[in-house]
Structure formats: C-alpha cells, structure tokens
Amino acid sequence: AKVGTPISLKIEGFSNSKFSGTLTAIDSSVNQDTRNFQLQGTIQNDEGKLRPGMFVEVVLEYPEVQTFITIPISSVKYAPYGDTVFVIEKATEQSAGPRPIRPQVVRLGEKRGDLVAVESGLNPGEEIATSGVFKLRPDSAVIVNNETTPGNNPNPSPENA
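These figures come from a predicted structure and were not determined experimentally. (Residues numbered from 1 in each chain as written. Predicted model: local features only at pLDDT ≥ 70, side-chain atom pairs only at ≥ 80, totals over all residues. Heavy atoms only, no water.)

This next bit is on the overall build of the chain. Along its length, the chain carries zero helices and ten strands. The helix and strand sequence of the chain, counted from the amino end, reads β-β-β-β-β-β-β-β-β-β. The globule rule puts the C-alpha radius of gyration for 161 residues at 15 Å, and the 25 Å found for the chain is more than 25% above it. In terms of overall dimensions, the chain has a C-alpha envelope of 75 × 40 × 30 Å along the principal axes. With 161 residues in all, the chain has 22% of them scored as buried. In the chain, 56% of the contacts between residues at least 6 apart in sequence involve partners at least 24 apart. Split by element, the accessible area of the chain, about 12,300 Å² in all, is 49% carbon and sulfur. Each charge class in the chain was averaged separately, 15 positive and 19 negative side chains, and the resulting centres sit 3 Å apart. (Helix = DSSP H or I, 4+ residues; strand = E, 2+ residues; numbered from the N terminus. Rg over C-alpha atoms; globule rule 2.2 N^0.38 Å. Buried < 20%, exposed > 50% of the residue type's maximum accessible area, 1.4 Å probe, protein only. Contact = heavy atoms within 4.5 Å. Areas by Shrake-Rupley, 256 points an atom, 1.4 Å probe, with all protein chains shown as cover. Lys, Arg positive; Asp, Glu negative; His and termini not counted. Charge placed at Lys NZ, Arg CZ, Asp CG, Glu CD.)

Note on pairing: side chains with opposite charge can pair once their charged atoms come close. Under the criterion given, the structure shown has six salt bridges. For E89, the salt bridge identified is with R102, shortest N-O distance 2.9 Å. With a gap of 13 residues between them, E89 in the loop between β6 (83–88) and β7 (99–112) and R102 in strand β7 connect regions that are remote in the sequence. Between E119 and R107 there is a salt bridge whose closest N-O contact spans 3.0 Å. Highlighted residues: E119 in strand β8 (residues 115–120) and R107 in strand β7, separated in sequence by twelve residues. Residue R107 is classed as partly exposed on the basis of its relative accessible area of 49%. Shared partners join several salt bridges into a network, and the residues in it are E89, R102 and E126. (Salt bridge = Lys/Arg side-chain N within 4 Å of Asp/Glu carboxyl O.)

If you add up the space inside the largest pocket, you get close to 440 Å³. Lining the largest pocket are 18 residues, and of these I128, A129, T130, S131 and N145 lie nearest its centre. For the lining of the largest pocket, the residue count by class is eight nonpolar, eight polar and two charged. The volume enclosed by the second largest pocket comes to roughly 280 Å³. Around the second largest pocket, the lining residues are Q66, F68, T70, G109, E110, K111, R112, L115, V116, A117, E119 and P154. Elements that contribute at least two residues to the lining of the second largest pocket include exactly β7 and β8. Across the lining of the second largest pocket, the residue classes tally to five nonpolar, three polar and four charged. (1 Å grid on protein atoms, 1.4 Å probe; cavity = no way out; pocket = protein on both sides within 12 Å on 5 of 7 lines; lining within 4 Å. Points joined across faces, edges and corners; volume = space filled by probe spheres on them. Nonpolar A, V, L, I, M, F, W, Y, C, P; charged D, E, K, R; others polar.)

Everything listed here is a matter of geometry and, on its own, says nothing about what the molecule does.
Next up, the structure:
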C-alpha cells in the first residue's frame, strides 16, 4: 500500500451506504511482536453518518493485478544505453547444433529476489540466455544446455548467513 491508495469502509448496519476515501499516511514503525503498523485514511462524511468510536472494516482497494514476464536477473546485460537480453532463435529440424542469438533491448520493472519483471521488449515463449551474457556478442551462436537452471526464488537468503 502507498499513500493515495483508494480505501472504503464496511460498516455493519450501513449496507446501502458507501464510504470511500484515500490512504493519507503510513506509520514508519512496525510493532515487533505483532508485525502490525498503523495507517491513516481520509473519508468523506458529508451526511454525518460516521461517528467517533464506530467499529468499521477498512478495505484497501488495490489496482488490478498485472502480469509480467519474469526472467532471472543473471540473464540481463546492463548498459548505459539500455538493458539487453539475448534471445535464442528457434531451432529448426535441420539445425541440431548451435543456435543463433540476437540482442533484444528490454524495459525492466520491479525486481524481486532472483527475478526481474520485463515490461516490454520480450514476448512470452521466447527463449533467452540466462548465464554468461557478458561473453555473448550479436550474431553469435550458442548450444542450449538446460541441465543447470538459474535462481528462481523471489525471497532468497544467503546460504551461510
């Protein structure tokens, strides 16, 4: 949740009334025992139906869930002129050996653990190189080896921490 997120109230006995507003503040401290934190919202009360001390249920109204293509961070070649992944061209029946690759500039979104969301530049189902991307050059060819897979953990932790 962030400041400005729409909120609404559910109040027993007021099923026909809609109370809506926005989230105006989020407390920066978290209770270590309960992991709770406080939020503040502003609700319009022009008709005076809301009174101090009323028990209400607050609902945060999140936007629609967006779906993204997620890829391992290890597959991205970061550069000042744009982030790039190497797309591996589809294999043909005649070519069982090395497959050509092509660089593809992508726009990246949120990072979570070992993964990063791709907002644009990559289509679902395209195969990409996930390791050794700094060694690759345009118009190179690669042999696909799926024996080792990159990290796919949204919440990684160090092994020897």
